[in-house]
Structures are given as C-alpha cells and as structure tokens.
Amino acid sequence: MLSTLLDLAQTRLQLIGNEIRIEKHRALQMLAQVLLAMFCACMALLMAVGLVLALWWEQRIAVLSVLLVLFAAAAFWLQHLVRSRRAMQDHPFAASLAELQEDLRQLKETAQHAPPQEPR
C-alpha cells in the first residue's frame, strides 16, 4: 500500500511539474507577444500623431485634444479586455487538483471497504 501511495505521489508531482512548465512557457510567450505588440502600437501611434499634426497644423490644439480622448478611451477599453480575459482563464493547476481530489475519493472509498485488521 505504501509503494502504491509513493507511486501515486510521484505521478502527481510529475503532473504538477509539467503544468508548471507549460504555464511558464505560456506566460513567457504571452509576455513577448504583448511587448512586441506594444512596441509596434507605440510606433504606429507616434507616426499617426505626427502625420495628423503635420496635416492640420493650424488646428493642433483641437487635433491633440481629439487624439488624447481617443487614446484614453482605447486604453480603458484595452484594460477592460485584459481584465475580462484574465478572469476567464482556468486555474493553472486545475488538472492536478482534480486528479488529487479523485485520488482522495478513491483512497477514502478503499479505506471504507477494507476489512478491519486485527491488532498484533
């Protein structure tokens, strides 16, 4: 019985290790993509603001005010998207927790059905 429990614990630890590795890879990949997207977006915004100001230099105060409102609205919208996406993500160790709960259920079930042992 002890050997079975040790094998079970080893399997579960390996599963948790795999999940940690997968979550780390996913987080790093997402971070790299976000950083690259932010860089590209900043460059595009700088170019767009420069172009708009060059085209309508006489109304530069109005143009800058409109752009400020647009960028602020976009920032709040993107913040909302990130928060809602984060709230929808699964728990990182959901599979491991489910397996551990199933193991505990099976162990309790086995312990209830096991014949009582006589004291030595």
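Everything below is about the structure printed above this text.
The following refers to the structure shown.

Analysis parameters
- Residues numbered from 1 in each chain as written.
- Predicted model: local features only at pLDDT ≥ 70, side-chain atom pairs only at ≥ 80, totals over all residues.
- Heavy atoms only, no water.
- Helix = DSSP H or I, 4+ residues; strand = E, 2+ residues; numbered from the N terminus.
- Contact = heavy atoms within 4.5 Å.
- Patch = residues over 30% accessible without salt bridge, like charges linked within 9 Å, V, L, I, M, F, W, Y side chains within 5 Å.
- Areas by Shrake-Rupley, 256 points an atom, 1.4 Å probe, with all protein chains shown as cover.
- Salt bridge = Lys/Arg side-chain N within 4 Å of Asp/Glu carboxyl O.
- Axes fitted to C-alpha atoms, helices over the stretch in contact; angles between N-to-C directions.
- Parallel < 35°, antiparallel > 145°, perpendicular 65-115°, else oblique.
- Left-handed = near helix turned anticlockwise from the far one by under 90°.
- Nonpolar A, V, L, I, M, F, W, Y, C, P; charged D, E, K, R; others polar.
- Buried < 20%, exposed > 50% of the residue type's maximum accessible area, 1.4 Å probe, protein only.

## Quick notes on the overall build of the protein chain
Scanning the protein chain for helices and strands turns up three helices and zero strands. What you see in the protein chain, going N to C, is helices and strands ordered as α-α-α.

## With respect to the side chain of Arg 12
With respect to the secondary-structure elements, Arg 12 resides in helix 1 (residues 2-55). Ignoring any residue separated from it by four or fewer positions in sequence, one finds Arg 12 in contact with Glu 99, Leu 100 and Asp 103.

## A closer look at a nonpolar patch on the surface
Residues Leu 36, Phe 39, Met 43, Leu 46 and Met 47 make up a contiguous nonpolar surface patch of about 560 Å² in total accessible area. Tracing the backbone shows Leu 36 in helix 1.

## Quick word on the packing of helix 1 against helix 2 (residues 60-88)
One way to put it is that helix 1 packs onto helix 2 with a least axis distance of 11 Å and a crossing angle of 165°. As the angle between them shows, helix 1 and helix 2 are arranged roughly antiparallel. Once helix 1 is placed against helix 2, the crossing between them reads as right-handed. Contacts between helix 1 and helix 2 involve Met 30, Leu 45, Val 49, Val 52 and Leu 53 from the former and Arg 60, Val 63, Leu 64, Leu 67, Phe 71 and Arg 85 from the latter. Broken down by class, the residue content of the contact of helix 1 with helix 2 amounts to nine nonpolar, no polar and two charged.

## Side note on the environment of Leu 8
With respect to the helices and strands, the residue Leu 8 is situated in helix 1. Leu 8 gets classed as partly exposed once you look at its relative accessible area, which sits at 25%. Along the sequence, Leu 8 and Leu 100 sit 92 residues apart, while their C-alpha atoms lie 9.5 Å from each other.

Take it as geometry only, folks, not as evidence of what the structure does.
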